[in-house]
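Each chain, written out:
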Amino acid sequence: MAVPKQKKSKAKKRSRRANHDRMTLPNITVCDNCGADVQSHRACGSCGWYKDRVALVIAQDDEFLDDDEI
Ligand SMILES: [Zn+2]
């Protein structure tokens, strides 16, 4: 088994982790249908638009709080 010849310094280790283990922001684009901010390759959360068609049916607040169904 290959064994490292020398111990990596704290600076070397921290420099590697600062780049390799960093958190990144998701890619944000604009919805073609409504203009809202959307994560790329995901359906729009406000209108359900994805790839030039409606991919999700977004429920309105009234539908959740209908008294007849509760
Ligand atoms: Zn949209």
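Predicted, not measured: the structure shown is a model, and the values here were computed from it.

A. Layout of the overall build of the chain. Within the chain one finds two helices and four strands. Tracing the chain from N to C terminus, the helices and strands come up as α-β-β-β-β-α. Burial status across the chain gives 4% buried among its 70 residues. Across the chain, contacts joining residues at least 24 apart in sequence account for 0% of those joining residues at least 6 apart.

B. Region of interest: the environment of Val 54. Along the chain, Val 54 turns up in strand 4 (residues 53–54). Take Val 54: there are 13 C-beta atoms within 10 Å of it, and that puts it in the partly exposed class. Apart from the residues lying within four places of it in its own chain, the contact partners of Val 54 are Gly 48 and Trp 49.

C. Quick look at the environment of Gly 45. Its place among the elements puts Gly 45 in the loop between strand 2 (37–39) and strand 3 (49–50). Placed 12 residues apart in sequence, Gly 45 and Val 57 show a C-alpha to C-alpha distance of 9.7 Å.

D. The arrangement of the environment of Asp 37 in detail. With respect to the secondary-structure elements, Asp 37 resides in strand 2. Residue classification places Asp 37 among the exposed positions, given that 11 C-beta atoms sit within 10 Å. Residues in contact with Asp 37, not counting those within four places in the same chain, are Ile 28 and Val 30.

E. Examining unusual backbone geometry more closely. Of note in this structure, His 41 is not a glycine but carries a positive phi near 65°. By secondary structure assignment, the location of His 41 is in the loop between strand 2 and strand 3.

F. Structural context of the confidence of the model for the chain. When pLDDT is averaged across the chain, the result is 87; 86% of the residues are at 70 or more. Ranking the elements of the chain by mean pLDDT puts helix 2 (residues 61–64) last with 63 and helix 1 (residues 10–20) first with 95.

Reading guide: rules and limits
Residues numbered from 1 in each chain as written. Predicted model: local features only at pLDDT ≥ 70, side-chain atom pairs only at ≥ 80, totals over all residues. Helix = DSSP H or I, 4+ residues; strand = E, 2+ residues; numbered from the N terminus. Buried ≥ 20, exposed ≤ 12 C-beta atoms within 10 Å, placed from the backbone. Contact = placed C-beta atoms within 7 Å. pLDDT = per-residue confidence, 0-100.

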